[in-house]
Amino acid sequence: MTILSHAFAPLAESLQRAVFIDGRFQPSDGAPLPVTDKATGEVLGHAAIATSVDIDRAVTGAASAQRDWYRTPATERAAILRRGGEILTREAARFKDVLVREGGATGPKAEGEIAASVIEFYQAAELATTPLGEVIPSGQRGRVNLVERRPVGVVGLITAWNAPVHIAMRVLAPAIALGNAVVLKPAPETPFTGGLMLAEVLAEAGVPGGVVQVLPGGPAGPALVEHSQVDMIHFTGSEETGRRINVAAAPLLKRVALELGGNNATIVLADADVDLAARCGAASSFGHQGQVCIATGRHIVLADVAEQYVAKLSEHAAALTIGDPFVSDVDLGPMVSTRQVDKALGMLHTSVAQGARLVEGGTADGVFLRPTVVDRVHPGMPLHDEEVFAPIAPVTVVDSVDDAVAIVNGTRFGLSTSVFGRDLDTAWTVADRIRTGMVHVNDGTALHESQVPFGGTAASGLGDDLGGRSNIDLLTERRWTSLQRRSAS
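The present account deals with the structure reproduced in this document. Since the model is a prediction, treat every value here as computed from it, not as a measurement.

### Description of the overall build of the chain
A count of helices and strands for the chain gives 15 helices and 22 strands. Taking 2.2 N^0.38 as the reference for a compact globule, 489 residues should give roughly 23 Å; the C-alpha atoms of the chain span a radius of gyration of 24 Å, in line with that estimate. Of the contacts made within the chain by residues no fewer than 6 positions apart, 73% connect residues no fewer than 24 positions apart. Put simply, the chain shows about 19500 Å² of open surface, and 52% of that area lies on carbon and sulfur atoms. Where the 41 positive side-chain charges of the chain centre and where its 55 negative ones centre are 9 Å apart.

Structure, rendered in structure tokens:
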């Protein structure tokens, strides 16, 4: 491993070995957290692992700042958020450089993530002035019932590494728009783009000190869950960690929202446009090396078109280039770690030993895993039953639509599903039978629009969806205020 002799140029020195508390980057006594280039292993810089002192100061400061922030006129909050969008647009090239190296993103993936995050700023600015109350008729003469939405308070936001900017902003922006304060713990793999660089943007935009705090390092996560002044936890990540958070928060009666994994399926019906289905299936399985919760992890194909579909999906996989996205224009970059590569290859080899057939790919060079197509996959194999989180497309062939629906619904996950078919009535009927939080007809599973509710069911999520007006339910609480205008007599 080569250690860079100086800080990675796009990273400001102020971000090194620091936490962001009360509007300032402050040195921490916590151990340094090395942040690596995911393709080369080079150390780009060091964040700090927030200490218990840092965490308590940050939460206490956020609780104090939130009260004043909520009283700030909504139009002022909206203006600050719009400035944030402008600043992130200005800084897009710098964010892209760090996302490519710190996050292992390809250039187009990084650009798309930044653009989506800019949209979150502007969507949140509109949310700040959205009506948040209603007047409900009373059964008592002279009484007025006002039901208003008030901020939750302090939101502990624990994010993932695979889309660090957007995963943070899709909660952070609407949270502060609605008058909350946020204590953000970015993933240890991406503390700069996922937290500290965002703090720079927010501070310049005019977010008051304390309204957003940033605490890198793993220990901050459990501490936020257990802190008495944190009113809500929003977590994006693995099912296993989400379960632990839910158990830890339960005795505190703390509000929890969990965005977890998905073993998402694409159903290819007998009358499907196979070219379209294979193109969308490849994009949803191989995009960002398959390391997204809404990636297609299962391709359920009717036998009538299975041979054609597997051939076209394999053609797409074989045509993709793979390498270091910082030095060349490639379709796929590195996996987040060799451990993740080994896990994916282990699932592949076990499934092949159980009867699956490797059609394309299946090899790795360090952190670079070739896009892979495997058919003859069936329930009971790791590639069918578990979330792969790698550029592997498992294909299961079925004889009937009923078999396809049963297989899709026969999992503990329930995030996203696609259905491909030319007869829209039939495709829509199939989609209606699927038990997932999101279903897409003639499009890939890996879709997101900031104004549309996003979330899953069962083991894929807990709590309200995020996105658009759903953010009001997610990030506020109802309060009934009554006014007795005159005597009931």
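### Let's talk about the side chain of glutamate 200
Along the chain, glutamate 200 turns up in helix α6 (residues 192–205). Classification of glutamate 200 by relative accessible area gives buried; the value is 18%. Once residues lying within four places of it in the same chain are set aside, the contact partners of glutamate 200 are Ala12, Ser14, Leu15, Phe25 and Arg94.

### Focus on the pattern of salt bridges
Taken as a whole, this structure holds 22 salt bridges when the rule is applied. Arginine 244 is paired through a salt bridge with glutamate 240; the nearest N and O atoms lie 3.3 Å apart. With arginine 244 and glutamate 240 both in helix α8 (residues 239–249) and 4 residues apart, the pair spans about one turn of that helix. Its salt-bridge partner being aspartate 275, residue lysine 312 comes within 2.9 Å of it at the nearest N-O pair.

### A closer look at the sheet that holds strand β17 (residues 372–375)
Spatially, β14-β17-β18-β13-β12-β19-β20 is the arrangement adopted by the 7 strands of the open sheet, whose pairing is mixed. Two strands in the sheet have a free side with no partner beyond their single neighbour: β14 (357–360) and β20 (438–441). Between one strand axis and the next, the sheet turns by 25° as a mean value, whatever way the strands run. Bridge count for β14 against β17 is 3 bridges, and the pairing is antiparallel. By the bridge assignment for β17, arginine 357 is matched with aspartate 375.

### Remarks on the packing of helix α2 (residues 74–90) against α6
Where α2 meets α6, the closest approach of the two axes is 8 Å, and the angle between their N-to-C directions is 130°. Considering their axes alone, α2 and α6 lie oblique with respect to each other. As α2 runs across α6, the sense of the crossing is right-handed. In this structure, α2 uses Ile80, Arg83, Gly84, Ile87, Leu88 and Arg90 to contact α6, whose residues at the interface are Val201, Glu204 and Ala205. Partitioned by chemical class, the residues of the contact of α2 with α6 number 5 nonpolar, 1 polar and 3 charged.

### What to know about the side chain of histidine 288
Along the polypeptide, histidine 288 turns up in the loop between α9 (274–286) and β13 (296–302). For histidine 288, a relative accessible area of 7% translates into the label buried. Residues contacting histidine 288, with those up to four places away along its chain left out, are Gly103, Gly104, Ala105, Lys109 and Asn162.

### Here we look at the packing of helix α4 (residues 107–128) against helix α5 (residues 164–177)
Each packed pair of helices is defined by two parameters, the angle between the axes and the distance between the axes. Viewed as axis vectors pointing N to C, α4 and α5 meet at an angle of 10°, and their least axial separation amounts to 8 Å. The orientation of α4 with respect to α5, classified from their angle, is roughly parallel. In this structure, α4 uses Glu113, Ala116, Ser117, Glu120, Phe121, Ala124, Leu127 and Ala128 to contact α5, whose residues at the interface are Pro164, Val165, His166, Met169, Arg170, Ala173, Pro174 and Ala177. A per-class count over the contact of α4 with α5 returns 11 nonpolar, 2 polar and 3 charged.

### Quick word on empty space enclosed by the protein
Taken as a whole, this structure holds 3 cavities of 30 Å³ or more when the rule is applied. Here the largest cavity is characterised by a volume of approximately 80 Å³. Looking at the lining of the largest cavity residue by residue, the class counts come to 6 nonpolar, 6 polar and 1 charged. Considering only enclosed or pocket space, the second largest cavity measures out at about 50 Å³ in volume. Together, Asn263, Asn264, Ala265, Arg298, Val408, Thr411, Phe413, Gly414, Leu415, Ser416, Thr417 and Thr436 line the second largest cavity. Listing elements by their share of the lining of the second largest cavity, those giving two or more residues are β12 (264–268) and β19 (416–420).

### Concerning unusual backbone geometry
Glycine aside, the phi torsion of most residues is negative, and most peptide linkages are trans. Here the phi dihedral of leucine 253 falls at roughly 55°; this positive angle occurs in a residue that is not glycine. Within the secondary structure, leucine 253 is located in the loop between α8 and β11 (255–259). Its identity as a non-glycine residue notwithstanding, glutamine 289 has a phi of 60°, on the positive side. With respect to the secondary-structure elements, glutamine 289 resides in the loop between α9 and β13. Overall, the relative accessible area of 1% leaves glutamine 289 in the buried class.

### Observations regarding helix α10 (residues 303–319)
Relative to the 24 Å expected for 17 residues at 1.5 Å per residue, α10 spans 25 Å between its end C-alpha atoms, a close match to the ideal helical length. Maximum bend of α10: about 25°, positioned at tyrosine 309. The set of residues buried in α10 consists of Val305, Ala306, Tyr309, Val310, Leu313, Ser314 and Ala317. Contacts made by the buried residues of α10 are with β12, α9, β13, β14, β17 and β18 (392–398).

### So, the sheet that holds strand β6 (residues 143–151)
What the 3 strands build is an open sheet, ordered β5-β6-β22; its pairing is antiparallel. Each edge of the sheet is formed by a strand with only one pairing partner; in this case those strands are β5 (133–136) and β22 (476–484). On average, adjacent strands in this sheet sit at an angle of 20° to one another, irrespective of strand direction. Bridge count for β5 against β6 is 4 bridges, and the pairing is antiparallel. Bridging across to β6, isoleucine 136 finds its partner in asparagine 145.

### As for the nonpolar core
Counting 66 residues, the largest nonpolar core has Leu172, Ile176 and Phe192 as its most contacted members. Considering every element that reaches this core, the biggest residue donor is α5, with 9 residues. Ignoring sequence-local partners within four residues, the contact set of isoleucine 176 consists of Trp69, Arg77, Leu81, Val182, Leu202, Val207, Val211 and Val212. Counting residues in each nonpolar core, the second largest holds 24 residues, with Val59, Ala181, Val225 and Ala249 among its members.

Cut-off values and rules
- Residues numbered from 1 in each chain as written.
- Predicted model: local features only at pLDDT ≥ 70, side-chain atom pairs only at ≥ 80, totals over all residues.
- Heavy atoms only, no water.
- Helix = DSSP H or I, 4+ residues; strand = E, 2+ residues; numbered from the N terminus.
- Rg over C-alpha atoms; globule rule 2.2 N^0.38 Å.
- Contact = heavy atoms within 4.5 Å.
- Areas by Shrake-Rupley, 256 points an atom, 1.4 Å probe, with all protein chains shown as cover.
- Lys, Arg positive; Asp, Glu negative; His and termini not counted.
- Charge placed at Lys NZ, Arg CZ, Asp CG, Glu CD.
- Buried < 20%, exposed > 50% of the residue type's maximum accessible area, 1.4 Å probe, protein only.
- Salt bridge = Lys/Arg side-chain N within 4 Å of Asp/Glu carboxyl O.
- Pairing = 2+ DSSP bridges.
- Axes fitted to C-alpha atoms, helices over the stretch in contact; angles between N-to-C directions.
- Parallel < 35°, antiparallel > 145°, perpendicular 65-115°, else oblique.
- Left-handed = near helix turned anticlockwise from the far one by under 90°.
- Nonpolar A, V, L, I, M, F, W, Y, C, P; charged D, E, K, R; others polar.
- 1 Å grid on protein atoms, 1.4 Å probe; cavity = no way out; pocket = protein on both sides within 12 Å on 5 of 7 lines; lining within 4 Å.
- Points joined across faces, edges and corners; volume = space filled by probe spheres on them.
- Expected span 1.5 Å × (residues − 1).
- Bend = angle between axes of the 7 residues up to and from the residue.
- Core = buried A, V, L, I, M, F, W, Y, C linked by side-chain atoms within 4.5 Å.

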